[in-house]
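One-letter residues, chain by chain:
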Amino acid sequence: VVPVMGTVTFFAYPDPIVWWHLVLYFCAYSWGSFVIGCFGVGGGAVFVPLMLLLPGMHAQVAVGTVFVAGVISTSLRNLQLYRYGRLNVRAALPLMAGAVI
């Protein structure tokens, strides 16, 4: 089956892989990481619009990817704070209960 040019997307692994899709993906994440690192803005506000600019990216996939990445990074940051003794678990319990609900 020969793909039609308009239907090939990055996430379907086109053959051959279009090199500029990989460059665009890398640039989007580099820029988003730079902005978040400098200004401390939430990741969803930066990464979702950047991901929507990528070829073949749908809004549901972009938002889901940001949520999964946020859970992983937030969990690791909380573990780091706990290990260094900077996380007051007793004070955080009501917030954690609210997050679960």
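Rules used in this analysis
- Within any chain, residue numbers begin from 1 and follow the written order of that chain's sequence.
- For this predicted model, a pLDDT threshold of at least 70 governs which residues receive local features, and a threshold of 80 or more governs which side-chain atom pairs are given and counted, while totals over whole chains, interfaces and linings are taken from all residues.
- Hydrogens and water molecules were not included; the side-chain quantities draw on all heavy atoms of the structure.
- Secondary structure is summarised from DSSP: a helix means a run of H or I of at least four residues, a strand means a run of E of at least two, and numbering begins at the N terminus for each.
- Throughout this description, buried means an accessible area under 20% of the type-specific maximum (1.4 Å probe, protein chains only), exposed means over 50%, and partly exposed covers the range between.
- The contact criterion used throughout is that any non-hydrogen atoms of two residues lie within 4.5 Å.
- Areas reported here follow the Shrake-Rupley algorithm with a probe of radius 1.4 Å; residue values treat only the protein chains shown as occluding.
- Any helix carries an expected span of 1.5 Å times its number of residues minus one.
- Taking the helix axis as origin, the arc is that swept by the directions to the C-beta atoms.
- Side-chain atoms within 4.5 Å are what join buried Ala, Val, Leu, Ile, Met, Phe, Trp, Tyr and Cys residues into a set we call a nonpolar core.
- Axis lines are fitted to C-alpha atoms, over the contacting stretch for helices. Their N-to-C directions set the angle, which ranges from 0 to 180 degrees.
- For this classification, under 35 degrees means roughly parallel, over 145 means roughly antiparallel, 65 to 115 means roughly perpendicular, and everything else is oblique.
- Two helices crossing with the near one rotated counterclockwise from the far one by less than a right angle form a left-handed crossing, whereas a clockwise rotation gives a right-handed crossing.
- Each residue gets one label: Ala, Val, Leu, Ile, Met, Phe, Trp, Tyr, Cys and Pro are nonpolar, Asp, Glu, Lys and Arg are charged, and the others, such as Gly, are polar.
- A residue's pLDDT is the confidence the predictor assigns to it, expressed on a 0 to 100 scale.

### Some points on the overall build of the protein
- A tally of helices and strands in the protein yields four helices and zero strands.
- Walking the protein from its N terminus toward its C terminus, one meets helices and strands in the order α-α-α-α.
- Each of the 101 residues in the protein was classed as buried or not, and the buried ones make up 16%.
- In the protein, the proportion of contacts linking residues at least 24 apart, taken out of those at least 6 apart, comes to 28%.
- Of the roughly 8,100 Å² of accessible surface on the protein, 71% is carried by carbon and sulfur atoms.

### Some thoughts on the environment of Val41
- On the secondary structure map, Val41 appears in the loop between α1 (19–39) and α2 (43–52).
- What makes Val41 partly exposed here is its relative accessible area of 35%.
- Residues within four places of Val41 in sequence aside, it is in contact with Ile36 and Val46.

### Here we look at α1
- Relative to the 30 Å expected for 21 residues at 1.5 Å per residue, α1 spans 31 Å between its end C-alpha atoms, a close match to the ideal helical length.
- Turning to α1, its buried residues number three or more, namely His21, Ala28, Gly32 and Val35. The arc that holds the buried residues of α1, viewed along the axis, is 65°, so those residues lie on one side. Turned more than 90 degrees from where α1 packs its buried face, Trp19, Phe26 and Gly37 sit exposed.
- On the buried face of α1, the contacting elements are α2.
- At the C-terminal side of α1, Gly40 shows a positive phi close to 70°.

### Things to note about the nonpolar core
- Ala28, Val35, Val46, Phe47, Val48, Leu50, Met51, Leu54, Met57, Ala62 and Val66 form the largest nonpolar core, which has 11 residues in total.
- Broken down by element, this core gets its largest block of residues, five residues, from α2.
- If we skip the residues at most four places from it in the chain, Met51 touches Tyr29, Met57, Ala62, Thr65 and Val66.

### Re the packing of α1 against α2
- Their axes nearest at 10 Å, the elements α1 and α2 cross at an angle of 160°. On the basis of their axis angle, the class for α1 and α2 is roughly antiparallel. In this structure, α1 crosses over α2, and the sense of that crossing is right-handed. The segment α1 lies against α2, with Ala28, Tyr29, Trp31, Gly32, Ser33, Val35 and Ile36 engaging Gly43, Val46, Phe47, Leu50 and Met51.
- Here the contact of α1 with α2 is built from residues that sort into nine nonpolar, three polar and no charged.

### Observations concerning the confidence of the model for the protein
- Confidence in the prediction for the protein averages 79 pLDDT; 83% of positions are at 70 or higher.
- Ranking the elements of the protein by mean pLDDT puts α1 last, at 80, and helix α4 (residues 89–100) first, at 88.

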